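Below, each chain spelled out in residue letters.
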Amino acid sequence: MSDAEGLQTRVVPVDSMSPDPAVIAEAAALLQAGRLVAFPTETVYGLGANALDPAAVRRIFVAKDRDPDDPLIVHIARASDVEMVAADVPALARELAERFWPGGLTLVLPRGERIAPEVSAGRRTVAVRMPSHPVARALIEAAGVPIAAPSANRFMRTSATTAAHVLDDLAGRIDMVLDAGPATAGIESTVVELEGDRVTILRPGAVTREMLEEALGRPVDVRGREAAAGPASPGMLERHYAPRARLVYLPGVMAPDVAAQARESAAAGVRVGLLLADEDAPGIEEEGLAVERLGPANDLERVAARLFAALRALDAAGVEVIYARGFARTGAGLAIDDRLRRASAAGREGGTGRAESG
Ligand code: TXA
Ligand code: MG
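Conventions and cut-offs
Residues numbered from 1 in each chain as written. Chains lettered and ligands numbered in written order. Predicted model: local features only at pLDDT ≥ 70, side-chain atom pairs only at ≥ 80, totals over all residues. Heavy atoms only, no water. Pairing = 2+ DSSP bridges. Helix = DSSP H or I, 4+ residues; strand = E, 2+ residues; numbered from the N terminus. Axes fitted to C-alpha atoms, helices over the stretch in contact; angles between N-to-C directions. Contact = heavy atoms within 4.5 Å. Core = buried A, V, L, I, M, F, W, Y, C linked by side-chain atoms within 4.5 Å. Buried < 20%, exposed > 50% of the residue type's maximum accessible area, 1.4 Å probe, protein only. Parallel < 35°, antiparallel > 145°, perpendicular 65-115°, else oblique. Left-handed = near helix turned anticlockwise from the far one by under 90°. Nonpolar A, V, L, I, M, F, W, Y, C, P; charged D, E, K, R; others polar. Salt bridge = Lys/Arg side-chain N within 4 Å of Asp/Glu carboxyl O. Phe/Tyr/Trp six-rings, centres within 6.5 Å; stacked < 30°, edge-to-face > 60°. Lys NZ or Arg CZ within 6 Å of the ring centre and 35° of its normal. Domains from an automatic or database assignment. Buried area = accessible area lost by both parts, 1.4 Å probe.

Some words on the sheet that holds strand E15 (residues 321-325)
For step 1, the next point in the chain: Sheet architecture is open: four strands sit in the order E12-E15-E13-E14, paired in parallel fashion. In the strand order of this sheet, the two ends are held by strand E12 (246-250) and strand E14 (290-293), each with one partner. Neighbour-to-neighbour, the strand axes of the sheet open up by a mean angle of 20°, direction not taken into account.
For step 2, the next point in the chain: Direction of pairing for E12 relative to E15: parallel, over a ladder of five bridges. Paired with Leu247 across the strands is Ile322, a residue of E15.
For step 3, the next point in the chain: Docked against the sheet, helix H10 (residues 333-344) engages E12, strand E13 (272-276) and E15, running at close to 135° with respect to E12.

Right, here's the structure in full:
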(Lines give C-alpha, C1' and ligand atoms only; values in the text may rest on other atoms or scores of the structure.)
(Ligands and ions follow the chains in the order given, each with its own letter.)
Protein backbone atom coordinates (compact mmCIF):
# COMPACT_ATOMS: atom_id res chain seq x y z
CA MET A 1 0.00 0.00 0.00
CA SER A 2 1.40 3.41 -0.94
CA ASP A 3 1.25 6.47 1.30
CA ALA A 4 -1.73 7.68 -0.66
CA GLU A 5 -3.90 4.75 0.43
CA GLY A 6 -5.52 3.82 3.71
CA LEU A 7 -8.62 5.98 3.61
CA GLN A 8 -12.13 4.62 3.78
CA THR A 9 -13.73 5.87 0.56
CA ARG A 10 -17.47 6.37 1.00
CA VAL A 11 -19.67 6.03 -2.07
CA VAL A 12 -22.87 8.01 -1.68
CA PRO A 13 -25.64 7.74 -4.28
CA VAL A 14 -27.22 11.04 -5.17
CA ASP A 15 -30.03 12.00 -7.53
CA SER A 16 -28.49 13.68 -10.55
CA MET A 17 -31.30 16.20 -11.06
CA SER A 18 -32.21 17.05 -7.46
CA PRO A 19 -29.43 16.02 -5.09
CA ASP A 20 -30.28 15.56 -1.41
CA PRO A 21 -29.13 18.75 0.39
CA ALA A 22 -27.97 16.73 3.41
CA VAL A 23 -25.61 14.67 1.25
CA ILE A 24 -24.34 17.80 -0.50
CA ALA A 25 -23.75 19.49 2.86
CA GLU A 26 -21.71 16.53 4.08
CA ALA A 27 -19.57 16.47 0.95
CA ALA A 28 -19.13 20.26 1.09
CA ALA A 29 -17.98 20.00 4.72
CA LEU A 30 -15.30 17.51 3.67
CA LEU A 31 -14.09 19.92 0.98
CA GLN A 32 -14.02 22.78 3.48
CA ALA A 33 -11.93 20.58 5.78
CA GLY A 34 -9.34 20.10 3.04
CA ARG A 35 -10.47 16.59 2.05
CA LEU A 36 -11.02 15.07 -1.40
CA VAL A 37 -14.47 14.40 -2.87
CA ALA A 38 -15.07 12.93 -6.35
CA PHE A 39 -18.21 14.25 -7.99
CA PRO A 40 -20.07 13.96 -11.29
CA THR A 41 -19.89 16.65 -13.93
CA GLU A 42 -21.54 16.60 -17.35
CA THR A 43 -18.16 15.82 -18.97
CA VAL A 44 -16.44 13.28 -16.70
CA TYR A 45 -16.15 12.71 -12.92
CA GLY A 46 -13.88 15.22 -11.17
CA LEU A 47 -11.70 14.83 -8.07
CA GLY A 48 -12.39 17.95 -6.05
CA ALA A 49 -10.47 19.92 -3.44
CA ASN A 50 -10.67 23.49 -2.12
CA ALA A 51 -8.74 25.54 -4.70
CA LEU A 52 -7.79 28.13 -2.04
CA ASP A 53 -6.12 25.53 0.21
CA PRO A 54 -2.60 24.52 -0.90
CA ALA A 55 -2.49 21.41 1.32
CA ALA A 56 -5.83 20.19 -0.06
CA VAL A 57 -4.67 20.75 -3.63
CA ARG A 58 -1.45 18.84 -2.96
CA ARG A 59 -3.60 15.89 -1.81
CA ILE A 60 -5.09 15.69 -5.31
CA PHE A 61 -1.65 15.19 -6.84
CA VAL A 62 -0.81 12.48 -4.30
CA ALA A 63 -4.12 10.62 -4.70
CA LYS A 64 -3.83 10.59 -8.49
CA ASP A 65 -0.05 10.04 -8.63
CA ARG A 66 -0.27 13.12 -10.82
CA ASP A 67 2.80 14.94 -12.05
CA PRO A 68 2.91 18.14 -9.90
CA ASP A 69 3.78 20.01 -13.09
CA ASP A 70 0.37 19.29 -14.67
CA PRO A 71 -2.07 22.09 -13.72
CA LEU A 72 -5.70 21.61 -12.61
CA ILE A 73 -9.02 23.12 -13.67
CA VAL A 74 -10.89 25.28 -11.14
CA HIS A 75 -14.67 24.84 -11.04
CA ILE A 76 -17.13 27.55 -10.05
CA ALA A 77 -20.88 27.54 -9.35
CA ARG A 78 -21.69 31.00 -10.74
CA ALA A 79 -20.19 32.74 -13.75
CA SER A 80 -19.51 35.86 -11.68
CA ASP A 81 -17.20 33.80 -9.44
CA VAL A 82 -14.65 33.86 -12.28
CA GLU A 83 -13.53 37.15 -10.69
CA MET A 84 -12.49 35.21 -7.59
CA VAL A 85 -10.34 32.85 -9.66
CA ALA A 86 -8.81 35.01 -12.40
CA ALA A 87 -6.83 38.24 -12.01
CA ASP A 88 -8.18 39.56 -15.28
CA VAL A 89 -11.22 38.54 -17.32
CA PRO A 90 -10.95 39.95 -20.85
CA ALA A 91 -14.08 40.79 -22.85
CA LEU A 92 -13.53 37.75 -25.07
CA ALA A 93 -13.58 35.47 -22.00
CA ARG A 94 -16.84 37.03 -20.88
CA GLU A 95 -18.32 36.50 -24.33
CA LEU A 96 -17.37 32.82 -24.34
CA ALA A 97 -18.56 32.30 -20.76
CA GLU A 98 -21.85 33.95 -21.60
CA ARG A 99 -22.38 31.56 -24.49
CA PHE A 100 -20.96 28.28 -23.14
CA TRP A 101 -21.31 28.36 -19.35
CA PRO A 102 -22.51 26.38 -17.64
CA GLY A 103 -20.90 23.66 -19.74
CA GLY A 104 -17.85 21.94 -21.15
CA LEU A 105 -15.62 24.90 -21.96
CA THR A 106 -12.52 25.71 -19.88
CA LEU A 107 -10.88 29.14 -20.18
CA VAL A 108 -7.19 29.69 -19.42
CA LEU A 109 -6.89 33.13 -17.77
CA PRO A 110 -4.36 35.03 -15.63
CA ARG A 111 -4.36 33.45 -12.15
CA GLY A 112 -5.97 35.34 -9.26
CA GLU A 113 -3.89 35.66 -6.11
CA ARG A 114 -6.24 33.71 -3.84
CA ILE A 115 -5.88 30.52 -5.90
CA ALA A 116 -3.31 28.09 -4.50
CA PRO A 117 -0.23 28.23 -6.78
CA GLU A 118 -0.21 24.40 -6.80
CA VAL A 119 -3.42 24.51 -8.88
CA SER A 120 -1.52 26.13 -11.74
CA ALA A 121 1.62 24.11 -11.11
CA GLY A 122 3.44 27.41 -10.66
CA ARG A 123 2.16 29.08 -13.83
CA ARG A 124 0.75 32.59 -13.96
CA THR A 125 -2.43 31.29 -15.57
CA VAL A 126 -5.39 29.32 -14.24
CA ALA A 127 -7.92 27.16 -16.08
CA VAL A 128 -11.54 27.73 -15.03
CA ARG A 129 -14.97 26.43 -15.93
CA MET A 130 -18.53 26.42 -14.64
CA PRO A 131 -20.01 22.92 -14.94
CA SER A 132 -23.69 22.40 -15.74
CA HIS A 133 -24.25 19.20 -13.74
CA PRO A 134 -26.72 19.95 -10.92
CA VAL A 135 -24.70 17.87 -8.42
CA ALA A 136 -21.45 19.66 -9.28
CA ARG A 137 -23.10 23.05 -9.01
CA ALA A 138 -24.84 22.27 -5.73
CA LEU A 139 -21.59 20.96 -4.26
CA ILE A 140 -19.46 23.95 -5.31
CA GLU A 141 -22.15 26.36 -4.13
CA ALA A 142 -22.41 24.64 -0.74
CA ALA A 143 -18.63 24.50 -0.31
CA GLY A 144 -18.55 28.27 -0.88
CA VAL A 145 -15.09 28.13 -2.48
CA PRO A 146 -13.82 27.43 -5.99
CA ILE A 147 -13.07 23.73 -6.43
CA ALA A 148 -9.93 22.46 -8.16
CA ALA A 149 -10.79 19.20 -9.91
CA PRO A 150 -8.92 17.13 -12.44
CA SER A 151 -10.60 14.11 -13.95
CA ALA A 152 -11.04 11.47 -11.21
CA ASN A 153 -8.67 8.84 -12.56
CA ARG A 154 -5.10 7.78 -11.78
CA PHE A 155 -2.51 9.80 -13.68
CA MET A 156 -2.13 8.82 -17.36
CA ARG A 157 -5.22 6.63 -17.29
CA THR A 158 -8.60 6.89 -18.94
CA SER A 159 -10.91 9.49 -17.39
CA ALA A 160 -13.70 8.16 -15.17
CA THR A 161 -17.24 8.47 -16.53
CA THR A 162 -18.90 6.49 -13.70
CA ALA A 163 -18.44 6.24 -9.92
CA ALA A 164 -17.28 2.63 -10.39
CA HIS A 165 -14.42 3.87 -12.60
CA VAL A 166 -13.47 6.38 -9.90
CA LEU A 167 -13.30 3.59 -7.33
CA ASP A 168 -11.27 1.35 -9.64
CA ASP A 169 -8.56 3.99 -9.66
CA LEU A 170 -8.92 5.86 -6.37
CA ALA A 171 -10.53 3.63 -3.70
CA GLY A 172 -8.68 4.12 -0.42
CA ARG A 173 -7.11 7.35 -1.69
CA ILE A 174 -10.04 9.78 -1.41
CA ASP A 175 -12.74 10.48 1.17
CA MET A 176 -15.97 10.33 -0.80
CA VAL A 177 -17.51 9.69 -4.21
CA LEU A 178 -20.90 11.15 -5.10
CA ASP A 179 -22.51 8.64 -7.46
CA ALA A 180 -25.07 10.20 -9.83
CA GLY A 181 -24.76 7.67 -12.64
CA PRO A 182 -22.79 7.95 -15.89
CA ALA A 183 -21.52 11.34 -17.08
CA THR A 184 -23.50 12.35 -20.16
CA ALA A 185 -20.86 13.90 -22.45
CA GLY A 186 -18.31 11.27 -21.37
CA ILE A 187 -15.41 13.34 -22.73
CA GLU A 188 -13.55 16.16 -20.97
CA SER A 189 -14.12 19.87 -21.46
CA THR A 190 -12.50 21.84 -24.26
CA VAL A 191 -9.56 23.89 -22.94
CA VAL A 192 -8.96 27.18 -24.74
CA GLU A 193 -6.39 29.91 -24.48
CA LEU A 194 -7.15 33.52 -25.45
CA GLU A 195 -4.70 35.96 -26.95
CA GLY A 196 -6.12 39.27 -28.09
CA ASP A 197 -8.91 38.29 -30.47
CA ARG A 198 -7.58 34.79 -31.00
CA VAL A 199 -8.98 31.65 -29.45
CA THR A 200 -6.79 28.53 -29.52
CA ILE A 201 -7.97 25.08 -28.50
CA LEU A 202 -5.31 23.46 -26.29
CA ARG A 203 -7.38 20.32 -25.70
CA PRO A 204 -10.37 19.43 -27.93
CA GLY A 205 -13.38 18.31 -25.90
CA ALA A 206 -17.10 18.56 -25.26
CA VAL A 207 -17.55 21.99 -26.85
CA THR A 208 -16.57 21.54 -30.48
CA ARG A 209 -14.41 23.77 -32.64
CA GLU A 210 -17.45 24.32 -34.89
CA MET A 211 -19.52 25.52 -31.92
CA LEU A 212 -16.81 28.00 -30.96
CA GLU A 213 -16.40 29.23 -34.53
CA GLU A 214 -20.12 29.69 -34.93
CA ALA A 215 -20.35 31.67 -31.70
CA LEU A 216 -17.39 33.89 -32.55
CA GLY A 217 -18.00 34.20 -36.27
CA ARG A 218 -14.32 33.54 -37.03
CA PRO A 219 -11.87 30.63 -37.24
CA VAL A 220 -10.50 29.00 -34.10
CA ASP A 221 -7.03 27.42 -34.03
CA VAL A 222 -6.31 23.99 -32.69
CA ARG A 223 -2.89 23.68 -31.13
CA GLY A 224 -0.96 21.12 -33.15
CA ARG A 225 0.81 18.20 -31.57
CA GLU A 226 4.22 19.65 -32.46
CA ALA A 227 3.35 23.04 -31.04
CA ALA A 228 2.17 21.25 -27.91
CA ALA A 229 5.84 21.12 -26.98
CA GLY A 230 5.53 24.82 -26.15
CA PRO A 231 5.12 26.08 -22.59
CA ALA A 232 1.50 27.18 -23.10
CA SER A 233 0.16 23.66 -23.02
CA PRO A 234 1.30 22.01 -19.84
CA GLY A 235 -0.22 18.65 -19.22
CA MET A 236 -0.92 17.96 -22.84
CA LEU A 237 0.94 14.74 -22.45
CA GLU A 238 1.44 12.69 -25.53
CA ARG A 239 0.81 9.51 -23.62
CA HIS A 240 -2.45 9.93 -21.80
CA TYR A 241 -5.88 8.36 -21.47
CA ALA A 242 -4.23 4.98 -21.75
CA PRO A 243 -5.90 1.62 -21.16
CA ARG A 244 -3.78 -1.16 -19.64
CA ALA A 245 -3.89 -3.02 -22.94
CA ARG A 246 -1.80 -1.76 -25.85
CA LEU A 247 -3.95 0.33 -28.17
CA VAL A 248 -3.49 0.11 -31.93
CA TYR A 249 -5.31 3.07 -33.42
CA LEU A 250 -6.04 2.75 -37.14
CA PRO A 251 -7.55 5.99 -38.44
CA GLY A 252 -8.21 5.83 -42.16
CA VAL A 253 -8.40 2.02 -42.18
CA MET A 254 -11.77 0.54 -43.11
CA ALA A 255 -13.48 -1.46 -40.37
CA PRO A 256 -13.18 -4.86 -42.15
CA ASP A 257 -9.42 -4.29 -42.41
CA VAL A 258 -9.21 -3.31 -38.75
CA ALA A 259 -10.99 -6.58 -37.96
CA ALA A 260 -8.60 -8.47 -40.23
CA GLN A 261 -5.61 -7.16 -38.28
CA ALA A 262 -7.26 -8.12 -34.99
CA ARG A 263 -8.05 -11.58 -36.32
CA GLU A 264 -4.43 -12.06 -37.35
CA SER A 265 -3.14 -11.30 -33.84
CA ALA A 266 -5.86 -13.45 -32.31
CA ALA A 267 -4.67 -16.31 -34.51
CA ALA A 268 -1.18 -15.76 -33.11
CA GLY A 269 -2.55 -16.30 -29.60
CA VAL A 270 -2.96 -12.66 -28.52
CA ARG A 271 -6.12 -11.74 -26.59
CA VAL A 272 -7.53 -8.92 -28.70
CA GLY A 273 -10.36 -6.44 -28.38
CA LEU A 274 -11.93 -4.10 -30.91
CA LEU A 275 -13.39 -0.61 -30.68
CA LEU A 276 -15.89 -0.34 -33.51
CA ALA A 277 -19.00 1.49 -34.65
CA ASP A 278 -22.33 -0.29 -34.18
CA GLU A 279 -22.63 -1.07 -37.88
CA ASP A 280 -19.17 -2.71 -38.00
CA ALA A 281 -19.84 -5.19 -35.23
CA PRO A 282 -22.21 -7.84 -36.66
CA GLY A 283 -20.25 -10.79 -37.96
CA ILE A 284 -17.10 -9.81 -36.05
CA GLU A 285 -18.76 -10.34 -32.67
CA GLU A 286 -19.88 -13.79 -33.81
CA GLU A 287 -16.25 -14.77 -34.32
CA GLY A 288 -15.76 -14.54 -30.57
CA LEU A 289 -13.54 -11.44 -30.63
CA ALA A 290 -14.18 -8.95 -27.80
CA VAL A 291 -15.97 -6.01 -29.42
CA GLU A 292 -17.04 -2.75 -27.82
CA ARG A 293 -19.66 -0.94 -29.90
CA LEU A 294 -19.21 2.81 -29.56
CA GLY A 295 -22.41 3.85 -31.36
CA PRO A 296 -23.27 4.66 -34.98
CA ALA A 297 -20.25 6.13 -36.79
CA ASN A 298 -22.29 9.18 -37.76
CA ASP A 299 -23.26 9.95 -34.15
CA LEU A 300 -19.94 11.27 -32.90
CA GLU A 301 -21.36 12.57 -29.63
CA ARG A 302 -22.51 9.09 -28.72
CA VAL A 303 -19.17 7.62 -29.71
CA ALA A 304 -17.35 10.21 -27.56
CA ALA A 305 -19.64 9.46 -24.63
CA ARG A 306 -18.88 5.72 -24.79
CA LEU A 307 -15.16 5.89 -25.55
CA PHE A 308 -13.61 5.83 -22.07
CA ALA A 309 -16.12 3.32 -20.68
CA ALA A 310 -15.43 1.05 -23.66
CA LEU A 311 -11.65 1.20 -23.11
CA ARG A 312 -12.15 0.32 -19.46
CA ALA A 313 -14.54 -2.52 -20.37
CA LEU A 314 -11.94 -4.07 -22.69
CA ASP A 315 -9.32 -3.78 -19.96
CA ALA A 316 -11.70 -5.50 -17.55
CA ALA A 317 -12.20 -8.28 -20.13
CA GLY A 318 -8.44 -8.88 -19.93
CA VAL A 319 -7.51 -8.18 -23.55
CA GLU A 320 -3.84 -7.52 -24.34
CA VAL A 321 -4.22 -5.47 -27.52
CA ILE A 322 -7.08 -3.20 -28.58
CA TYR A 323 -7.63 -2.34 -32.26
CA ALA A 324 -9.57 0.90 -32.75
CA ARG A 325 -11.09 2.28 -35.92
CA GLY A 326 -11.08 5.99 -36.66
CA PHE A 327 -14.02 8.39 -36.99
CA ALA A 328 -14.56 11.64 -38.86
CA ARG A 329 -12.50 14.45 -37.32
CA THR A 330 -15.36 16.93 -37.24
CA GLY A 331 -17.49 17.94 -34.25
CA ALA A 332 -16.88 15.60 -31.30
CA GLY A 333 -14.66 13.58 -33.66
CA LEU A 334 -11.74 15.93 -33.01
CA ALA A 335 -11.72 14.99 -29.32
CA ILE A 336 -12.21 11.28 -30.11
CA ASP A 337 -9.21 11.33 -32.43
CA ASP A 338 -7.12 13.25 -29.88
CA ARG A 339 -7.82 10.76 -27.08
CA LEU A 340 -7.25 7.69 -29.26
CA ARG A 341 -3.95 9.09 -30.52
CA ARG A 342 -2.75 9.80 -27.00
CA ALA A 343 -3.88 6.42 -25.72
CA SER A 344 -2.03 4.69 -28.53
CA ALA A 345 1.20 6.59 -27.81
CA ALA A 346 1.58 4.43 -24.71
CA GLY A 347 4.27 2.33 -26.33
CA ARG A 348 6.58 5.32 -26.33
CA GLU A 349 7.15 5.53 -22.59
CA GLY A 350 10.88 5.18 -23.02
CA GLY A 351 10.86 8.43 -24.93
CA THR A 352 9.06 9.92 -21.91
CA GLY A 353 5.82 10.04 -23.88
CA ARG A 354 5.63 13.69 -22.99
CA ALA A 355 4.74 16.41 -25.40
CA GLU A 356 6.39 19.08 -23.30
CA SER A 357 9.30 19.27 -20.94
CA GLY A 358 7.58 21.35 -18.30
O1 TXA B 1 -14.10 18.07 -18.25
C2 TXA B 1 -13.09 18.37 -17.62
O3 TXA B 1 -12.30 19.27 -17.99
C4 TXA B 1 -12.78 17.57 -16.36
C5 TXA B 1 -13.90 17.82 -15.37
C6 TXA B 1 -13.67 17.20 -14.03
O7 TXA B 1 -14.11 19.21 -15.26
N8 TXA B 1 -11.50 17.91 -15.81
C9 TXA B 1 -10.33 17.54 -16.42
O10 TXA B 1 -9.20 17.94 -15.73
O11 TXA B 1 -10.29 16.93 -17.47
P12 TXA B 1 -7.75 17.37 -16.04
O13 TXA B 1 -6.91 17.87 -14.93
O14 TXA B 1 -7.80 15.93 -16.24
O15 TXA B 1 -7.32 18.12 -17.35
C16 TXA B 1 -7.04 19.50 -17.29
C17 TXA B 1 -6.45 19.97 -18.58
C18 TXA B 1 -5.04 19.43 -18.76
O19 TXA B 1 -4.81 19.18 -20.13
C20 TXA B 1 -4.22 20.62 -18.27
O21 TXA B 1 -2.92 20.65 -18.80
C22 TXA B 1 -5.04 21.79 -18.76
O23 TXA B 1 -6.36 21.39 -18.54
N24 TXA B 1 -4.74 22.98 -17.96
C25 TXA B 1 -5.02 23.20 -16.67
N26 TXA B 1 -4.55 24.40 -16.26
C27 TXA B 1 -3.97 24.95 -17.34
C28 TXA B 1 -3.29 26.18 -17.56
N29 TXA B 1 -3.12 27.06 -16.58
N30 TXA B 1 -2.81 26.41 -18.79
C31 TXA B 1 -2.99 25.51 -19.80
N32 TXA B 1 -3.61 24.32 -19.66
C33 TXA B 1 -4.09 24.05 -18.43
MG1 MG C 1 -7.37 14.09 -16.86
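Back to the write-up after that little detour.
Thoughts on the nonpolar core
For step 1, the next point in the chain: Val119 and Leu178 are the most contacted members of the largest nonpolar core, which has 70 residues in total.
For step 2, the next point in the chain: In this view, Val119 contacts Ala51, Val57, Pro71, Leu72, Val74, Val126 and Ala148; residues no more than four positions away in its chain are not counted.
For step 3, the next point in the chain: If you look at the next biggest cluster of nonpolar residues, it comprises 26 residues, including Leu247, Ala304, Phe308 and Leu311.

Points about the packing of helix H9 (residues 300-316) against H10
For step 1, the next point in the chain: With their axes 9 Å apart at the nearest point, H9 and H10 run at an angle of 30° to one another. On the basis of their axis angle, the class for H9 and H10 is roughly parallel. Crossing hand, H9 versus H10: left-handed. Here Leu300, Val303, Ala304, Leu307 and Phe308 of H9 come into contact with H10, specifically with Gly333, Ile336, Arg339 and Leu340.
For step 2, the next point in the chain: A breakdown of the residues in the contact of H9 with H10 according to their chemical character gives seven nonpolar, one polar and one charged.

Points about the pattern of salt bridges
For step 1, the next point in the chain: A complete count under the given rule lists 27 salt bridges for this structure.
For step 2, the next point in the chain: Of the charged contacts, one joins Asp70 and Arg66 as a salt bridge, the two residues approaching to 3.2 Å between their closest N and O atoms.
For step 3, the next point in the chain: Measuring nitrogen to oxygen at the nearest pair gives 2.9 Å for the salt bridge that ties Arg329 to Asp337.
For step 4, the next point in the chain: Note on Asp337: relative accessible area 4%, which makes it buried.

Some thoughts on the packing of aromatic side chains
For step 1, the next point in the chain: Across all of its chains, the model carries zero aromatic pairs by this definition.
For step 2, the next point in the chain: In this arrangement the basic side chain of Arg99 is found over the ring face of Phe100, its NZ or CZ atom lying 4.4 Å from the centre.
For step 3, the next point in the chain: Here the basic side chain of Arg325 rests over the ring of Phe327, its NZ or CZ set 4.6 Å away from the ring centre.

Focus on the environment of Leu216
For step 1, the next point in the chain: Along the chain, the position of Leu216 falls in helix H7 (residues 209-216).
For step 2, the next point in the chain: Among the residues examined, Leu216 registers a relative accessible area of 11% and is labelled buried.
For step 3, the next point in the chain: Between the C-alpha atom of Leu216 and that of Ser189, which follows or precedes it by 27 residues, the distance is 18 Å.
For step 4, the next point in the chain: Apart from the residues lying within four places of it in its own chain, the contact partners of Leu216 are Leu92, Glu95, Leu96 and Val199.

Considerations on the domain arrangement of the chain
For step 1, the next point in the chain: Entries for the chain in the domain assignment read domain 1 (10-99 + 111-186) and domain 2 (246-348).
For step 2, the next point in the chain: Counting residues at the interface gives twelve residues for domain 1 and seven residues for domain 2.
For step 3, the next point in the chain: Taken together, both faces of the contact between domain 1 and domain 2 bury some 730 Å²; the carbon and sulfur share is 49%.
For step 4, the next point in the chain: Summed over the three residues of domain 1 that lose the most area to domain 2, namely Thr158, His165 and Gly186, the buried surface amounts to 54% of that side.
For step 5, the next point in the chain: For the pair domain 1 and domain 2, the number of links is two salt bridges.
For step 6, the next point in the chain: The class makeup of the residues in the side of domain 1 that touches domain 2 is two nonpolar, seven polar and three charged.

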